[in-house]
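# Residue-level structural notes
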Amino acid sequence: QVQLVESGGGLVQAGGSLRLSCAASGRTFSSYAMAWFRQAPGKEREFVAGITGNCGGTKYGDSVRGRFTISRDNAKNTVYLQMNSLKPEDTAVYYCAADGTPWRVIVDTRAMDYWGKGTLVTVSS
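Summarised in this report is the structure supplied together with it. (Residues numbered from 1 in each chain as written. Predicted model: local features only at pLDDT ≥ 70, side-chain atom pairs only at ≥ 80, totals over all residues. Heavy atoms only, no water.)

On a plain count of helices and strands, the protein comes out with zero helices and eleven strands. Helices (α) and strands (β) of the protein occur, in sequence order from the N terminus, as β-β-β-β-β-β-β-β-β-β-β. Taken against the 2.2 N^0.38 rule, which gives 14 Å for 125 residues, the C-alpha radius of gyration of the protein at 13 Å falls within 12% of a compact globule. A burial count over the protein gives 46% of its 125 residues as buried. Considering only residue pairs separated by 6 or more positions, the protein has 59% of its internal contacts joining residues 24 or more positions apart. For the protein, the accessible area works out to roughly 6,400 Å², and carbon and sulfur atoms hold 47% of it. Across the protein, 14 positive and 10 negative side-chain charges occur, with their mean positions spaced 4 Å apart. (Helix = DSSP H or I, 4+ residues; strand = E, 2+ residues; numbered from the N terminus. Rg over C-alpha atoms; globule rule 2.2 N^0.38 Å. Buried < 20%, exposed > 50% of the residue type's maximum accessible area, 1.4 Å probe, protein only. Contact = heavy atoms within 4.5 Å. Areas by Shrake-Rupley, 256 points an atom, 1.4 Å probe, with all protein chains shown as cover. Lys, Arg positive; Asp, Glu negative; His and termini not counted. Charge placed at Lys NZ, Arg CZ, Asp CG, Glu CD.)

See below:
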């Protein structure tokens, strides 16, 4: 069982930056690939970024590539999402998720094993 707790959300102006964190419980954090998803009001949950268990591989959604960076610190059981050049369309609840296949990044919400409760990011224009 893995518990995930997100933090770092808030209100920011367009063009600004935020860093989200996701703290995971358990002693096998590196056994999970981690990912960030987001869900805006009235829209489906979408893949934002993912990282393999050993930090060797990352993947990004088309809408955030070049602006967002995912990273993880396995010693701290934490995954991060650095968000730069934020746009109003980035406004959403951001969720952290874990997948038990650490060697690959999965972008399908249905394949994730564990989810956090989310943190709200609001970008004003």
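The next point concerns the nonpolar core. Counting 30 residues, the largest nonpolar core has Leu-4, Met-34, Trp-36, Val-79, Leu-81, Met-83 and Tyr-94 as its most contacted members. For this core, the elements supplying multiple residues, two or more each, are strand 3 (18-24), strand 4 (33-39), strand 5 (46-51), strand 7 (68-73), strand 8 (78-83), strand 9 (92-99) and strand 11 (119-124). Within the second largest apolar cluster, seven residues are counted, among which are Phe-47, Val-105, Ile-106 and Met-112. (Core = buried A, V, L, I, M, F, W, Y, C linked by side-chain atoms within 4.5 Å.)

Moving on: the packing of aromatic side chains. Scanning the entire structure with this criterion turns up four aromatic pairs. With a centroid separation of 5.7 Å and 75° between ring planes, the pair formed by Phe-37 and Phe-47 is classed as edge-to-face. In this pair, Phe-37 is assigned in strand 4 and Phe-47 in strand 5, connecting sequence segments ten residues apart. We classify Phe-37 as buried; its relative accessible area is 0%. Both rings, one in Tyr-95 and one in Trp-115, keep their centres 6.4 Å apart while their planes meet at 80°; by these two values the pair is edge-to-face. (Phe/Tyr/Trp six-rings, centres within 6.5 Å; stacked < 30°, edge-to-face > 60°.)

As a further point, take the environment of Val-64. Among the secondary structure elements, Val-64 is positioned in the loop between strand 6 (58-60) and strand 7. The exposure class assigned to Val-64 is buried, which follows from its relative accessible area of 1%. For the pair formed by Val-64 and Leu-86, sequence separation is 22 residues and the distance between their alpha carbons is 9.2 Å. Apart from residues lying up to four places away in sequence, Val-64 is in contact with Arg-38 and Val-48.

Within the secondary structure, Ser-21 is located in strand 3. What makes Ser-21 buried here is its relative accessible area of 17%. Residues within four places of Ser-21 in sequence aside, it is in contact with Val-5, Glu-6, Ser-7, Trp-36, Thr-78, Val-79 and Tyr-80.

Bringing unusual backbone geometry into the picture now. Here Asn-77, not a glycine, exhibits a phi torsion of approximately 55°, which is positive. By the element assignment, Asn-77 lies in the loop between strand 7 and strand 8. Positive phi, close to 50°, is recorded for Ser-85, a residue that is not glycine. With respect to the helices, strands and loops of the structure, Ser-85 is situated in the loop between strand 8 and strand 9.

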